[in-house]
Amino acid sequence: MIDSASLLAVLPELILTAGGLVLMLVAAFGGDNSARVVNWLSVVTLAIAGISLSCSLAHGPDAFDGLMRADAFSVFAKALIYGAAAAAILLAPRFFSVGGKPRPEYAVLILFAAIGMGMMVSAGDLLTLYVGLEMNSLASYVLASFMRQDEKSSEAGLKYFVLGSLASGILLYGSALLYGFTGTTAFDGIAVAMGDGVSNGELFGMVFLLCGLAFKISAVPFHMWTPDVYEGAPTPVTAFFGSAPKVAAMALTVRVAIEALGPAGLDWQQIVIFVALASILFGAVAAIGQTSLKRLMAYSSINNVGFALIGLAAGTPAGVAGTMSYMAIYVLMTVGGFACILQLRDTDGKPVDTIASLAGLSQSRKGLAAAFAIFMFSMAGIPPLFGFWAKFLVFDAAVAANLTALAAFGIAMSVIGAFYYLKIIKTMYFDEPVIAYEAKGGPVENIILTACAVVIVLGYLLNPVLDQASAAAAASLF
Amino acid sequence: MDGFPILSLMMAVPMAGAIACLFASANSARWIALIATLVDLVLGIALWTNFDQGGLQWQFQEYYPVFGRFAWALGIDGIALMLIALTVFLMPICIGASWEAITKRVPEYMAAFLFMEVLMIGVFAAQDLYLFYIMFEAGLIPMYLVIGIWGGANRIYASYKFFLYTLLGSVLMLIAMMWMVHETGTTEIPVLMAYNFDPHVQTWLWLAFFASFAVKMPMWPVHTWLPDAHVQAPTAGSVILAGVLLKMGGYGFIRFSLPMFPEASAQFAWLVWGLSMVAVVYTSLVALVQSDMKKLIAYSSVAHMAIVTVGLFAFNQAGIEGSMMVMLGHGLVSGALFLCVGVIYDRLHTREINRYGGLSINMPKYAVLFLLFTMASVGLPGTSNFVGEFLSLMGIYQASSWVALVATTGIILGAAYMLYLYRRICYGDQVNADAAAMSDLSAREIALLAPIAAAVLWMGVYPESFLAPMRADIRALEARLAPAAPAGDSKIKMGAPKPVGEAHHEEASAHGEAH
């Protein structure tokens, strides 16, 4: 039965759907010339959807008999997703205008992906989960191969599609097993069915489900697609992949683990601990030899996902709050970092992607180098930058949950990760310049960059707000 | 001064200076940095004169809970006061030392140094565990850039080594801090200093803190980052590294390891003693064979820091006071020695000892000042280091006479390598024509070295000025350590004469009980 409360609870999705459909028509009839308008209207749509989150929260937490959830957790995640999606739209035009005109479909696809991601973080049922995931994935496959004429981009799209479908299949298989053994697809129903002990069938279903989700958050050992897709996809799309879908998939994983699989906590905790440590270690070690910035960011995202999972491994409200805060700070650093990478163009306006060519950037583009250095130090988790606080929160939760050994091991491995972030700073600051850079960046990019950098530097003042919001988000799951 | 946030102001001034430097030209950046550090020096003097000796343990306290889980909590005791005074005293000298030596990217350089000053004051003034950690770790960023951008030929290797070594040491301390905060429910350092942790847990916490402070100190065998960092850093970088950054390790022991984990400190005293004994002898011998002046002084720093750790883990007032005095004295003297090296490096652009010789002929003023600092480094009575080394060794003698014996050889070896260095540089024939043609100290260089010389003599002749503010705090620390302190082996006890057979029996049973 469809009631008005349910509709109001999913108001952000409705707004995005309507906006996306209308803008698709605008794009279809307006052609490439409408790109500018569509871009800005998409950002406006995302902003309105963001504002409507408060309405959705007021009419939550359950919509459509629990198929969707509009709780503080989903609102927290959606705010991040919409923000990151808007940044990905704003960062794109200059990049796409190099080899021709920017196309309006880009923003529309991101809107559709945002709907999918909203459904993912709101899912209260395995079916909603799957529909949201596929909605996001389909848009993402197209986005990855958005530069049709570019071989690498097409390759990235194809790889993403093939491996993504495989993961979806695994996930669906896990869902089917869970449905078969518990008799329900609703998260709370699964939790009730698991409450009297976890049967082997349920265990299998859970493992498959987690494998599929691990693929979406690109955690080791399901990370293989990440470097290739990140490298091949157009840079603004990579910026998008690195931020919004990561948040959505992570939030989804957290919700499934806590809400649906809560009673099997001890079982999935081992899996999550392994996946977290493996991701941290592999992400750090494999990143050392990279020469491409985008590939490096891919490994960095694998590494960061590992850290975020430590909060989930704790399995406590503080841990979940830590994971969500981690993702919030991670999104800031990723968007800021990619805004820097997007500004790296030689004097012909062609994008630069190798680490070696960053040499001497601090002399030709002081501000840009300083911002990039801030993001890199922050990713490495060096105080007083905000990235440190992200790591602090998850490790603190792990220590509180008596996982001190896990925390000690994880934090020791963060030193390995620090090495490759330092390499970028070293190249920018210590080496002599090799290529000339475009003298100025775009105004929009500069604004996003500066805003992210300021938050990363002064973020501690936001602690009370972040603590409160993430604690409320976590509380709604328990 | 009641309620006036002077500590925050002392951090705000260099911070504002650092931001201003980034947007200034090279020359104005130099002046901004000099003025900011001098203002901080004036504030530091005001801080000292307003410090109420024998008053409350914690003074100038500020508390603003603006960060959610932790607070902007500052406050100092006498120990922190002395180290802050050392910091603000050395900073204008560092800026002066870089006045002509640094020619490229001056604004960034000055900004990095001012930012470092903020962090160093923050480390010593922090009263919140996490605030301390943030300040402690953040120092890596400016120092990494200073070594990497303005350093010598092998600067990149040295900067990585410095950064990763100290980072690895510190992260485990963070985990221990989290555990402590969960256990006690507070992040306030004064409260934690009085909290009695379970001795079994103390062992682990102590080790985690030790990993950090031992690297920072640095103690043998984790000292290897120091010679590299020192040699590659620009002169002012070496001064601040040796003068203040190393003191963070010693400060950490005094503020955290000893008062928070007294039982574990006693339990691991043998470890600290052992490492320190090795360090004193080994690094002194290594210093003896160096051909690079900066490396020699860097190794001598490791040896001096070993005397600090020995004194700290003597668990008595003499030892701890002596350690503080060695830290202050070494901060001045090693800073001055690096400046002396910088003076001749600026002229000849080499740190090879063999390239110099007979400088007392063409640089008499330099030779006099260099001799003073050499003697101070050796620990000649009347100079700063004598007081500290004497007290530390006196303290450790009460705890373990064997350790005192080995540690004291450090003074003899110190005399050997320092005098040998001085002889090769200032005495003998002027074998190198270019070294013989070097001009004597300029007015700027004298202005840099003279204040340090005055302070070194002051500290040597009237150490009471420096000991008095710390006395009450160290006495409190000694009282805190007393229940756990290991019994010394140097006190000769006369037993009451007893009949032979009975005495034997009692001794044996006492022996049995002890086991």
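Since this is a predicted model, take the numbers as computed values, not measurements.

Draft legend 1. Expanded view of the overall build of chain A. Looking only at helices and strands, chain A features 21 helices and two strands. In terms of overall size, chain A behaves like a compact globule, its C-alpha atoms giving a radius of gyration of 21 Å where 478 residues would be expected to give roughly 23 Å. The principal-axis extents of the C-alpha atoms in chain A amount to approximately 65 × 55 × 40 Å. Split into buried and exposed, the 478 residues of chain A put 61% on the buried side. A sequence separation of at least 24 residues applies to 79% of the contacts in chain A between residues at least 6 apart.

Draft legend 2. Structural view of the overall build of chain B. Within chain B, the secondary structure is distributed over 23 helices and two strands. Against the globule reference of 24 Å for 515 residues, chain B gives a C-alpha radius of gyration of 23 Å, in line with a compact fold. Principal-axis analysis of the C-alpha atoms gives chain B an extent of 80 × 60 × 40 Å. Counting every position in chain B, which comprises 515 residues, the buried fraction comes to 59%. Within chain B, contacts between residues separated by at least 24 positions form 81% of all contacts whose residues are at least 6 apart in sequence.

Draft legend 3. Structural view of the interface of chain B and chain A. Taken residue by residue, the interface counts 26 residues in chain B and 26 residues in chain A. Secondary-structure elements contributing two or more residues to the side of chain B that touches chain A are β1 (59-67), α5 (129-138), α6 (140-150) and α7 (155-184) of chain B. Ranked by the residues each element gives to the side of chain B that touches chain A, the list is headed by α7(B), at 13 residues. The class makeup of the residues in the side of chain B that touches chain A is 21 nonpolar, three polar and two charged.

Draft legend 4. Spatial organisation of unusual backbone geometry. For the bond from V220(A) to P221(A), the omega torsion is 5°, close enough to zero to count as cis. Positionally, P221(A) belongs in the loop between α10 (200-216) and α11 (225-232). For the bond from P383(A) to P384(A), the omega torsion is 10°, close enough to zero to count as cis. The residue F315(B) is not glycine, and still its phi comes out positive at about 60°. Looking at where F315(B) falls in the secondary structure, it is placed in the loop between α14 (293-312) and α15 (317-348). Residue F315(B) is classed as buried on the basis of its C-beta count, with 25 C-beta atoms lying within 10 Å.

Draft legend 5. Fine view of helix α5 (residues 72-96) of chain A. Counted at 1.5 Å a residue, the expected span for α5(A) with its 25 residues is 36 Å, and the 36 Å between its end C-alpha atoms agrees. With 23 of 25 residues buried, α5(A) is to be regarded as a mostly interior element.

Draft legend 6. Representation of the environment of L172(A) in the model. Relative to the helices and strands, L172(A) is located in helix α8 (residues 151-182). You can call L172(A) partly exposed: it has 17 C-beta atoms within 10 Å.

Draft legend 7. Looking closely at the pairing of strand β2 (residues 70-76) of chain B. All names here are of chain B. With five of its seven residues buried, β2 lies for the most part within the structure. Relative to β2, β1 runs antiparallel, the two being bridged by five bridges. Paired with E62 across the strands is L74, a residue of β2. As consecutive antiparallel partners, β1 and β2 are separated by two residues, and within that stretch G68 has a phi angle of approximately 75°, a positive value.

Draft legend 8. Spatial organisation of the packing of α6(B) against α7(B). Residues and elements named next belong to chain B. Contact pair α6 / α7: the axes reach a minimum separation of 8 Å and the direction vectors enclose 165°. When the axis of α6 is compared with that of α7, the two are roughly antiparallel. Handedness of the α6/α7 crossing: right-handed. Contact residues: L140, M143, Y144, I147 and G148 in α6; R155, I156, A158, S159, F162, F163, T166 and L167 in α7.

Draft legend 9. Fine view of the packing of helix α11 (residues 235-260) of chain B against α15(B). Residue and element names in this part refer to chain B. Relative to each other, α11 and α15 sit at 170°, their axes nearing to 7 Å. Relative to α15, α11 is oriented roughly antiparallel. Helix-helix and strand crossings are classified by hand; for α11 and α15 the assignment is right-handed. Mapping the contact onto sequence places T235, S238, V239, A242, G243, V244, K247, G250 and I254 in α11 and I320, S323, M327, G331, S334, G335, F338, L339, G342 and Y345 in α15. Residue classes in the contact of α11 with α15 are distributed as nine nonpolar, nine polar and one charged.

Draft legend 10. Region of the structure containing the environment of G151(B). All names here are of chain B. Following the sequence through the fold, G151 ends up in the loop between α6 and α7. A residue is classified by how many C-beta atoms lie within 10 Å of it, and G151, with 24 of them, is buried. Spatially, the C-alpha atom of G151 lies 5.2 Å from that of P234, the residues being 83 residues apart in sequence.

Draft legend 11. Just helix α1 (residues 6-22) of chain B, in detail. The first and last C-alpha atoms of α1(B) sit 25 Å apart over 17 residues, in line with the 24 Å expected at 1.5 Å per residue. Packed against the buried residues of α1(B) are α2 (26-50), β1, β2 and α4 (106-125) of chain B.

Draft legend 12. Expanded view of the confidence of the model for chain B. Per-chain confidence: chain B averages 88 in pLDDT, with 96% of residues scoring 70 or above. Scoring of the predicted complex yields 0.91 for pTM and 0.91 for ipTM.

Draft legend 13. Quick look at the environment of Q269(A). Here Q269(A) is to be found in helix α13 (residues 265-288). Each C-alpha atom, one on Q269(A) and one on N463(A), is 28 Å from the other, the two residues being 194 residues apart in sequence.

How each quantity is defined
- Residues numbered from 1 in each chain as written.
- Chains lettered and ligands numbered in written order.
- Predicted model: local features only at pLDDT ≥ 70, side-chain atom pairs only at ≥ 80, totals over all residues.
- Helix = DSSP H or I, 4+ residues; strand = E, 2+ residues; numbered from the N terminus.
- Rg over C-alpha atoms; globule rule 2.2 N^0.38 Å.
- Buried ≥ 20, exposed ≤ 12 C-beta atoms within 10 Å, placed from the backbone.
- Contact = placed C-beta atoms within 7 Å.
- Nonpolar A, V, L, I, M, F, W, Y, C, P; charged D, E, K, R; others polar.
- Expected span 1.5 Å × (residues − 1).
- Pairing = 2+ DSSP bridges.
- Axes fitted to C-alpha atoms, helices over the stretch in contact; angles between N-to-C directions.
- Parallel < 35°, antiparallel > 145°, perpendicular 65-115°, else oblique.
- Left-handed = near helix turned anticlockwise from the far one by under 90°.
- pLDDT = per-residue confidence, 0-100.

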